[in-house]
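Survey of secondary and tertiary structure
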Amino acid sequence: MADTMAAEAATHSAPREEHRTSTGISNEKLAMWVFLGSECLLFGGLISTYMFNKGRIGPGDIGPADVFDIPFTSVSSFVLLMSSLTMVFAVSSIVRGDLRGNRIWLATTAALGATFVAGQVYEFTAFYSEGLGFTTNLFGSSFYALTGFHGAHVTIGIIMLMSLFVMSLRGNLGPERAEKVEIIGLYWHFVDIVWIVIFTIVYLFPQ
Amino acid sequence: MATVTPDPQDTAHASDEHASGGGHAHPTDWLYVKVAIALAVLTAFEVFTYFESLHGWGDTALIIMLVLMMLVKFFLVVAFFMHLKFDAPIFWRLFMFGVVLAMAVYMLMLTAFRFW
């Protein structure tokens, strides 16, 4: 009897990575897609608020054309785009069972994301020193709110990537958990597509 | 389960269905590289268009070109990097529902505030 109970307990505590589903598709992945769909509304609100407010500045007040540094932001955008490439390499390497490759690509993606955030911090500092604070005018408020929210999302993504990296180092991230990497990858690509929209509408549209 | 475009060159791991909920095939790394190159070229062209606008391009033409390039980049990432081209169609519908709802709500809001 005791042996049977012990065997049962061992069976229940054994590491398993079955995909919980009541619909035929993974619940976690479905939840991430629903979450990303709802995030569209958050960023849609911030982007449309920026569009509405960017021209609402007084005469002689500091505006987009006075502060934007397009070459610098273009390089930042390129860095974030390439981090999406390294993220898909992270997913494909874990699917293949290449754990070392997975760790390398996760770390590279996090490093590229950190470079992007560092660029954003530099940009904010430069804008502030040029006289554009959060409360300077409606342009400043909506610009910092939009790009700040995006930067916070990238930062959360970096934390999740580093968590995966640590899990991998501890031996808790094998091919059986490839879907976890894929789901965090979806979040990462989402912050990338949001930046694609922000870069065009905020920085490149005629001021 | 979604089907994969039967391109043997770009879908080497068609058998790598790792039960990711409507498990799907992963394209080869080379396909990802090609998509990344396309994204980089489009970004470079966007920036080029921005600077070229200083030499007298009309605002409307510039905005149309930028929006088109933005949409192509958006769908390249969504279709290939986020695997929606190969994944269960329900994910595509869920995401596009959010995108279309957001666009409708905020276009209406901007119209109400006489933005256009």
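Residues numbered from 1 in each chain as written. Chains lettered and ligands numbered in written order. Predicted model: local features only at pLDDT ≥ 70, side-chain atom pairs only at ≥ 80, totals over all residues. Heavy atoms only, no water.

1. Here's the deal with the overall build of chain A
Let me state the cut-off plainly: Think of it this way: any DSSP run of H or I at least four residues long counts as a helix, any run of E at least two long counts as a strand, and we number them from the N terminus. Only the C-alpha atoms count toward the radius of gyration. The rule for a globule is 2.2 Å times the residue count to the power 0.38. Three labels apply to residues, based on accessible area from a 1.4 Å probe with only protein chains included: buried if under 20% of the type maximum, exposed if over 50%, partly exposed otherwise in between. In what follows, residue pairs with any heavy atoms lying within 4.5 Å of each other are defined as contacts. Exposure was quantified through the Shrake-Rupley algorithm and a 1.4 Å probe, taking into account, for residues, occlusion by the shown protein chains and nothing else. None of His or the chain ends enter the tally, which takes Lys and Arg as positive and Asp and Glu as negative. Lys charges are placed at NZ, Arg charges at CZ, Asp charges at CG and Glu charges at CD.
Counting its regular elements, chain A contains 7 helices and 0 strands. From first element to last, N terminus to C terminus, chain A shows the α and β order α-α-α-α-α-α-α. Its C-alpha atoms give chain A a radius of gyration of 22 Å, more than 25% over the compact-globule value 17 Å for 207 residues. For chain A, the spread of C-alpha atoms along the principal axes amounts to about 85 × 35 × 25 Å. Taken over 207 residues, chain A has a buried fraction of 53%. Across chain A, every contact between residues at least 6 apart in sequence was considered, and the portion connecting residues at least 24 apart equals 79%. Accessible area for chain A stands at about 8900 Å²; split by element, carbon and sulfur atoms hold 65% of it. The averaged location of the 16 negative side-chain charges in chain A is 5 Å from the averaged location of its 11 positive side-chain charges.

2. Regarding the environment of Gly63(A)
Residues and elements named next belong to chain A. Note on placement: Gly63 falls in the loop between α2 (27-53) and α3 (64-67). As a C-alpha pair, Gly63 and Gly140 span 77 residues in sequence and 8.0 Å in three-dimensional space. Once you skip the residues sitting within four places of it in the chain, Gly63 turns out to touch Ile57 and Phe139.

3. A few points about helix α6 (residues 138-169) of chain A
All names here are of chain A. Quick note on the threshold: What a helix is expected to span follows from its residue count: subtract one and scale by 1.5 Å. Polar contact is defined as a pair of N or O atoms within 3.5 Å, subject to the rule that within protein one atom must be able to donate a hydrogen and the other to accept it, and that residues adjacent in sequence are counted only when both atoms are side-chain atoms.
With 32 residues, α6 ought to run about 46 Å at 1.5 Å a step, and its terminal C-alpha atoms sit 46 Å apart, in line with that. Two or three places before Phe139, at the start of α6, stands the capping residue Asn137, its side-chain oxygen 3.3 Å from that residue's backbone nitrogen. At the C-terminal side of α6, Gly171 shows a positive phi close to 80°.

4. A short note on the packing of α2(A) against α6(A)
Residues and elements named next belong to chain A. The line we're drawing: Simply put, an axis is a line fit to the C-alpha atoms, just over the touching stretch for a helix, and the angle between two N-to-C directions goes from 0 to 180 degrees. Comment on the angle field: the value is read as roughly parallel under 35 degrees, roughly antiparallel over 145, roughly perpendicular from 65 to 115, and oblique elsewhere. It is the rotation of the near helix from the far one that decides the hand of a crossing: anticlockwise by less than a right angle makes it left-handed, clockwise makes it right-handed. Each residue gets one label: Ala, Val, Leu, Ile, Met, Phe, Trp, Tyr, Cys and Pro are nonpolar, Asp, Glu, Lys and Arg are charged, and the others, such as Gly, are polar.
Contact pair α2 / α6: the axes reach a minimum separation of 8 Å and the direction vectors enclose 155°. In this view, α2 runs roughly antiparallel relative to α6, as classed from their interaxial angle. Considering how the two elements wind past one another, α2 and α6 form a crossing that is left-handed. Residues Glu39, Leu42, Phe43, Leu46, Ile47, Thr49, Tyr50 and Asn53 of α2 pack against Leu138, Phe139, Ser142, Phe143, Ala145, Leu146, Phe149, His150 and His153 of α6. Class assignment for the residues of the contact of α2 with α6 results in 11 nonpolar, 5 polar and 1 charged.

5. Let's talk about a nonpolar patch on the surface
Residue and element names in this part refer to chain B. What counts, and what does not: Residues enter patches when their relative accessible area tops 30% and they take part in no salt bridge; the joining distance is 9 Å for like charges and 5 Å for the nonpolar side chains Val, Leu, Ile, Met, Phe, Trp and Tyr. Salt bridges are defined by distance alone: a side-chain nitrogen of Lys or Arg within 4 Å of a carboxyl oxygen of Asp or Glu.
Taken together, the side chains of Leu71, Phe75 and Trp92 present a nonpolar region at the surface, about 240 Å² in accessible area. Looking at the element boundaries, Leu71 is found in helix α2 (residues 59-81). Overall, the relative accessible area of 38% leaves Leu71 in the partly exposed class.

6. Structural notes on the nonpolar core
For clarity, the threshold we go by: Only buried Ala, Val, Leu, Ile, Met, Phe, Trp, Tyr and Cys residues count toward a nonpolar core, and they belong to the same one when joined by side-chain atoms within 4.5 Å.
Residues Phe68(A), Phe143(A), Phe190(A), Ile193(A), Tyr203(A), Phe81(B) and Phe95(B) are the most contacted members of the largest nonpolar core, which totals 94 residues. If you list the elements that add at least two residues to this core, you get α2, α4 (70-96), α5 (99-129), α6 and α7 (178-204) of chain A together with α1 (29-52), α2 and α3 (89-112) of chain B. If you tally residues by element for this core, the top one is α7(A), at 20 residues.

7. Re the confidence of the model for chain A
Heads up, the rule is: Each residue gets a pLDDT score, which is the predictor's confidence in that residue and runs from 0 to 100.
For chain A, the average pLDDT comes to 90, and 91% of its residues sit at 70 or higher. When the criterion is pLDDT under 50, residues 1-16 of chain A qualifies, and its contacts beyond four places in sequence or with other chains add up to 0 contacts.

8. Description of the interface of chain A and chain B
Let me state the cut-off plainly: Defined here as a combined quantity, buried area equals the accessible surface (1.4 Å probe) lost by two parts on assembly, summed across both.
Opposite the 48 residues of chain A that make contact, chain B presents 49 residues. Summed over both sides, the interface of chain A with chain B buries roughly 4300 Å², with 81% coming from carbon and sulfur. Inspection of the chain A/chain B interface yields 7 residue pairs in polar contact (both at pLDDT 80 or more).

9. Points about the pattern of salt bridges
Summed over all chains, the structure comprises 4 salt bridges over all chains. The salt bridge partner of Glu182(A) is Lys29(A), with a shortest N-O separation of 3.1 Å. Note that Glu182(A) is positioned in helix α7 and Lys29(A) in helix α2, a separation of 153 residues in sequence. Look at Glu182(A) and you get buried, because its relative accessible area is 3%. Relative accessible area serves as the criterion here: at 1%, Lys29(A) is assigned to the buried category. The partner of Asp87(B) in a salt bridge is Lys29(A), with the nearest N and O atoms 2.7 Å apart.

10. Some points on the side chain of Gln120(A)
Mapped onto the fold, Gln120(A) is located in helix α5. In this structure, Gln120(A) is in contact with Thr147(A), Gly151(A) and Trp195(A), ignoring residues within four places of it in sequence.

11. Looking at unusual backbone geometry
Residues and elements named next belong to chain B. Positioned with a positive phi, His83 is a non-glycine residue whose angle comes to about 65°. Note on placement: His83 falls in the loop between α2 and α3. One non-glycine residue, Arg114, lies in positive phi territory at about 55°. Look at Arg114 and you get exposed, because its relative accessible area is 76%.

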